[in-house]
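# Summary of structural features
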Amino acid sequence: TVVLIESNFDDATGEQLGFAIEQLWQAGALDVFTTAISMKKNRPGVLLSVIGNPAQRRKLEECVFRHTGSLGVRRTLLQRSKMQRRIVEVSTRLGKIQVKVAWEESMGIGPRFAPEFEDCKRLARAADESLEVVYRLAIEAAERIAEEWQSEQTAHNHGGHDHDHGGHDHGGHSHDHGGHSHDHDGHDHGH
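Described below are features of the structure shown in this document. (Residues numbered from 1 in each chain as written. Predicted model: local features only at pLDDT ≥ 70, side-chain atom pairs only at ≥ 80, totals over all residues. Heavy atoms only, no water.)

Spatially, the three strands line up as an open sheet ordered β5-β6-β7, and their pairing is antiparallel. The sheet is open, and its two edges are formed by β5 (84–92) and β7 (109–115), each paired on a single side. In this sheet, neighbouring strand axes are inclined to one another by 25 degrees on average, regardless of whether the strands run parallel or antiparallel. Taken together, the nine bridges between β5 and strand β6 (residues 95–104) define a ladder with antiparallel strand orientation. By the bridge assignment, E89 is partnered in β6 with Q98. Contacts between helix α3 (residues 117–127) and the sheet are confined to β6 and β7, with β6 contributing the most and set at about 150 degrees to the helix. (Pairing = 2+ DSSP bridges. Helix = DSSP H or I, 4+ residues; strand = E, 2+ residues; numbered from the N terminus. Axes fitted to C-alpha atoms, helices over the stretch in contact; angles between N-to-C directions. Contact = heavy atoms within 4.5 Å.)

Below you can see the structure in the form of structure tokens.
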């Protein structure tokens, strides 16, 4: 559950809204964005939208009032779904970059990779390299880590089972264990 806080403006300057947005991020907002709108008497305006945790609602509303001159805000509680995610630090030939890895096993989605922009920008400047190249290096490194996770998960799921067949006669049935070696204490199970 998240709270959406919104307010319309037709008299706030770009500098004022820009500063307010910075303060909202610092106050712990999950997301802040603006939308161009048309207000009464066909005046162009701006819709300021802030998404945050319900426990932060009062702090975020205070931030909107204090830094925008708003006379009122609207708020709505929303339900959202999000993918599982983890932030990893990867090493590339240009340096270390943090990458957000997201996936959703129950839907068979992922993994997806989102390199940290500030890390990529810093390394691109230092190496006089394009941002695209740095992003690609970060994603390639993160893909390797994700493959290792998947391999470990597969090994854990298969290797963690006890394959002791307790001396039962399996009547010549074929038990294909995917090429893995299982020590059955020397018993002949007719595999």
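Spatial strand order, β2-β3-β1-β4: four strands in an open sheet with antiparallel pairing. Edge positions in the open sheet fall to β2 (31–38) and β4 (74–78), since each of these has one partner strand only. Neighbour-to-neighbour, the strand axes of this sheet turn through a mean angle of 20 degrees, independent of strand direction. Pairing of strand β1 (residues 2–9) with strand β3 (residues 44–52), which is carried by seven bridges, proceeds in the antiparallel orientation.

Turning next to a positive patch on the surface. Together, R80, K82, R85 and K100 give the surface a local cluster of positive charge. The class for R80 is partly exposed, based on a relative accessible area of 44%. (Patch = residues over 30% accessible without salt bridge, like charges linked within 9 Å, V, L, I, M, F, W, Y side chains within 5 Å. Areas by Shrake-Rupley, 256 points an atom, 1.4 Å probe, with all protein chains shown as cover. Salt bridge = Lys/Arg side-chain N within 4 Å of Asp/Glu carboxyl O. Lys, Arg positive; Asp, Glu negative; His and termini not counted. Charge placed at Lys NZ, Arg CZ, Asp CG, Glu CD. Buried < 20%, exposed > 50% of the residue type's maximum accessible area, 1.4 Å probe, protein only.)

Glancing now at unusual backbone geometry. Notably, K41 is not glycine yet its phi reads approximately 60 degrees, a positive angle. Checked against the element boundaries, K41 lands in the loop between β2 and β3. Positioned with a positive phi, D128 is a non-glycine residue whose angle comes to about 50 degrees. The residue D128 is located in the loop between α3 and α4 (131–159) in this model. A residue is classified by how much of its surface remains accessible, and D128, at 73% relative accessible area, is exposed.

Another aspect to go through is the pattern of salt bridges. Following the criterion strictly, the structure yields eight salt bridges and no others. A salt bridge links R43 to D10; its shortest N-O distance comes to 2.7 Å. Note that R43 is positioned in the loop between β2 and β3 and D10 in the loop between β1 and α1 (14–26), a separation of 33 residues in sequence. Judged by its relative accessible area of 32%, R43 is partly exposed.

Turning our eyes to something else, we now look at the side chain of S49. Examined against the element boundaries, S49 turns out to sit in strand β3. Judged by relative accessible area, S49 falls into the buried class, the value being 1%. Dropping the residues within four chain positions of it, S49 is found in contact with L4, I5, E6, D31, V32 and F33.

Locating I5 in the fold gives a position in strand β1. For I5 and L48, which are 43 residues apart along the polypeptide, the C-alpha to C-alpha distance reads 8.1 Å. Residues in contact with I5, not counting those within four places in the same chain, are L48, S49, V50, R57, L60, E61, V73, R74 and R75.

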